[in-house]
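Letter by letter, the chains look like this.
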Amino acid sequence: MPASDFYERVYDLVRLVPFGRVTTYGHVARHLGTGQSARVVGWALNQCPPDVPAHRVVNRFGALSGAIHFGGPLVMEDRLRSEGVAFDEEGRVVLTEHLWVPE
DNA sequence: GGTCTGACTAAAT
DNA sequence: GATTTAGCCAGAC
């Protein structure tokens, strides 16, 4: 019995994010049908299941808003860099290069 | 058991 | 064009 279908959908979608790609809370929320539930997406990722690459989910600016909650402010960034994700001068992911939009 | 906050975003003013 | 409000779901107080 899942905590809620919303959570499962979030997890399932994030799990589909390919290696070296990132997506945004807004895109995930939109894909789920509720474009305003971006907060819940973040809250769902707060549970941080091992199967879900939460480090590939960033806010719409590409900033690693959830890095602090991920276990360390540098863990998320370092992990993304290990996947070949590029960052700009402001420490934000280059969405134009790595943004992955769910179908 | 009601209220507020939170890894956010978009629309309205 | 910049700021404010509203909306979403779940958990914590």
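Up top is the structure these notes are about.
These lines cover the structure that appears in this document, whether it is placed above or below. What you are looking at is a predicted structure, and each value in this text was computed from that prediction instead of being measured. (Residues numbered from 1 in each chain as written. Chains lettered and ligands numbered in written order. Predicted model: local features only at pLDDT ≥ 70, side-chain atom pairs only at ≥ 80, totals over all residues. Heavy atoms only, no water.)

**Some words on the environment of L13**
Tracing the sequence through the fold places L13 in helix α1 (residues 5–15). In this structure, the C-alpha to C-alpha distance between L13 and V28, residues 15 residues apart in sequence, is 7.0 Å. Setting aside anything within four residues of it in sequence, one finds L13 in contact with V28, H31, W100 and P102. (Helix = DSSP H or I, 4+ residues; strand = E, 2+ residues; numbered from the N terminus. Contact = heavy atoms within 4.5 Å.)

**Overview of the pattern of salt bridges**
A complete count under the given rule lists four salt bridges for this structure. For the salt bridge of R92 with E90, the shortest nitrogen-to-oxygen distance reads 3.8 Å. (Salt bridge = Lys/Arg side-chain N within 4 Å of Asp/Glu carboxyl O.)

**Brief notes about the layout of surface pockets**
Roughly 220 Å³ of internal volume is contained in the largest pocket. G42, L45, N46, G66 and H69 are the residues nearest the centre of the largest pocket, which is lined by 14 residues in total. With five residues, helix α3 (residues 38–46) is the largest single contributor of residues to the lining of the largest pocket. When the residues that make up the lining of the largest pocket are grouped by side-chain class, the tally is eight nonpolar, five polar and one charged. (1 Å grid on protein atoms, 1.4 Å probe; cavity = no way out; pocket = protein on both sides within 12 Å on 5 of 7 lines; lining within 4 Å. Points joined across faces, edges and corners; volume = space filled by probe spheres on them. Nonpolar A, V, L, I, M, F, W, Y, C, P; charged D, E, K, R; others polar.)

**Let's talk about the protein's contact with DNA strand C**
Taken together, the residues surrounding DNA strand C are S4, Y7, Q36, S37, R39, V40 and W43. Counting only the atoms of DNA strand C that lie within 4 Å of the protein, the sugar and phosphate share comes to 52%. Residue Y7 places a side-chain N or O atom 3.5 Å away from a sugar or linking oxygen belonging to DNA strand C. The separation between a base oxygen of DNA strand C and a polar side-chain atom of R39 is 3.2 Å. Among the elements that make up the surface near DNA strand C, the one with the highest residue count is α3 (three residues). (Near = heavy atom within 4 Å. Polar contact = N/O pair within 3.5 Å; in protein donor to acceptor, adjacent residues only side chain to side chain.)

**Here's the deal with the packing of helix α2 (residues 25–32) against α3**
It is at 8 Å that the axes of α2 and α3 come closest, and there the two elements cross at 105 degrees. If you check the angle between α2 and α3, you find them roughly perpendicular. Between α2 and α3, the contacting residues are Y25, G26, V28 and A29 on the first element and A38, V41, G42 and L45 on the second. For the contact of α2 with α3, the per-class residue count stands at six nonpolar, two polar and no charged. (Axes fitted to C-alpha atoms, helices over the stretch in contact; angles between N-to-C directions. Parallel < 35°, antiparallel > 145°, perpendicular 65-115°, else oblique.)

**Let's talk about the protein's contact with DNA strand B**
The immediate surroundings of DNA strand B are formed by 15 residues, with R39, G42, L45, R60 and G66 found nearest. Of everything in DNA strand B that lies within 4 Å of the protein, sugar and phosphate atoms constitute 51%. Between DNA strand B and the protein, one listed contact pairs a base nitrogen with a side-chain N or O atom of R39 at 2.2 Å. Backbone polar atom of G42 to a base nitrogen of DNA strand B: 2.3 Å apart, as the coordinates give it. Those elements giving two or more residues to the surface near DNA strand B turn out to be α2 and α3. In terms of residue count, the dominant contributor to the surface near DNA strand B is α3 (six residues). Here the surface near DNA strand B is composed, by residue class, of five nonpolar, seven polar and three charged.

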